[in-house]
Amino acid sequence: MYAQIVLFDGFDPLDAIAPFEVLAAGSDAAGGDLQIEFVSAEGPREVVSGTLEMVLRASAELDPARPGFIVVPGASGPIEGDPDEVDTIPVLLARFAESAAIPLLRKAMDNPAVTVATVCGGGLALAMAGLLDGRPAVTHHLGMDLLEATGAIAVHARVVDDGDLVTSAAVTSGLDLGLHLLDRTYGAQVALAVEDLFAYERRGTVWTR
């Protein structure tokens, strides 16, 4: 199985790194079954985050045919400002929602072997692209009204599991998302091993249909 963490210009570093670390530790606990990598729609490149221009490298192109998980982070930056002058979080998410990643994510969501997961504003970006119509989902609490306005069903939970779509709330929920994916796929023993390693216990109740 594969876990592809999608990077885009302006991404939030913790949204990407938290599930990356959790899934990597989970793969170790599961005997190396899960291969984790950072990807982008454009292929291998240096991707600049929205936090102090921290850079992570995408090592491959996002591949919607690979079985496993695709994790979409949110964006980082100012919340308010003139959208013609400032790359605010809404501007960055809207830009991603119109990027080359969206057709690939649409293909992934049609692939029964793939679970698409989001952290924070990642869910809102997919909703803005029209990918979450009628689907229960969560995003950062500041974006919940907009999430609902796009046609998604806003659910106030830390993690929302709708089968092949798993969304999570604000930034640190990426830890809980990763642990839930491990528990769902490999069982509680693997998830507990990672919780013990990280000295972190999952927060909140996972919403499911």
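Residues numbered from 1 in each chain as written. Predicted model: local features only at pLDDT ≥ 70, side-chain atom pairs only at ≥ 80, totals over all residues. Heavy atoms only, no water.

Re unusual backbone geometry
Inference 1: With a phi close to 55°, cysteine 120 is a non-glycine residue in the positive phi region.
Inference 2: One can find cysteine 120 in the loop between strand 7 (114-119) and helix 4 (121-128).
Inference 3: You will see that alanine 199, though not glycine, has its phi angle at about 55°, which is positive.
Inference 4: Here alanine 199 lies in the loop between helix 7 (188-198) and strand 12 (206-208). (Helix = DSSP H or I, 4+ residues; strand = E, 2+ residues; numbered from the N terminus.)

Brief notes about the pattern of salt bridges
Pairing between side chains of opposite charge can happen when their charged atoms approach one another.
Inference 1: For the structure on display, the rule yields 12 salt bridges.
Inference 2: Here glutamate 42 makes a salt bridge to arginine 45, at a shortest N to O gap of 3.0 Å.
Inference 3: Since its relative accessible area comes to 48%, glutamate 42 is described here as partly exposed.
Inference 4: Salt bridges sharing partners connect three or more residues here, namely Arg135, Asp162, Asp164 and Arg209. (Salt bridge = Lys/Arg side-chain N within 4 Å of Asp/Glu carboxyl O. Buried < 20%, exposed > 50% of the residue type's maximum accessible area, 1.4 Å probe, protein only.)

Here's the deal with the side chain of asparagine 111
Inference 1: By the secondary structure assignment, asparagine 111 is in the loop between helix 3 (101-109) and strand 7.
Inference 2: You can call asparagine 111 buried: its relative accessible area is 16%.
Inference 3: Setting aside its immediate chain neighbours within four residues, asparagine 111 contacts Pro64 and Ala65. (Contact = heavy atoms within 4.5 Å.)

Quick look at the packing of aromatic side chains
Inference 1: Inspection of the entire model under this criterion finds two aromatic pairs.
Inference 2: Here the aromatic rings of phenylalanine 20 and phenylalanine 38 are separated by 4.4 Å at their centres, their planes lie at 15°, and the arrangement is stacked. Of this pair, phenylalanine 20 sits in helix 1 (residues 13-29) while phenylalanine 38 is found in strand 2 (residues 35-40), placing the two residues 18 residues apart along the sequence.
Inference 3: Relative accessible area serves as the criterion here: at 24%, phenylalanine 20 is assigned to the partly exposed category.
Inference 4: Classification of phenylalanine 38 by relative accessible area gives buried; the value is 12%.
Inference 5: Against the face of tyrosine 2 rests arginine 66, its NZ or CZ located 4.2 Å from the ring centre. (Phe/Tyr/Trp six-rings, centres within 6.5 Å; stacked < 30°, edge-to-face > 60°. Lys NZ or Arg CZ within 6 Å of the ring centre and 35° of its normal.)

A short note on the environment of glutamate 98
Inference 1: One can find glutamate 98 in the loop between helix 2 (89-97) and helix 3.
Inference 2: Separated by 62 residues in the primary sequence, glutamate 98 and valine 160 have C-alpha atoms spaced 24 Å apart.

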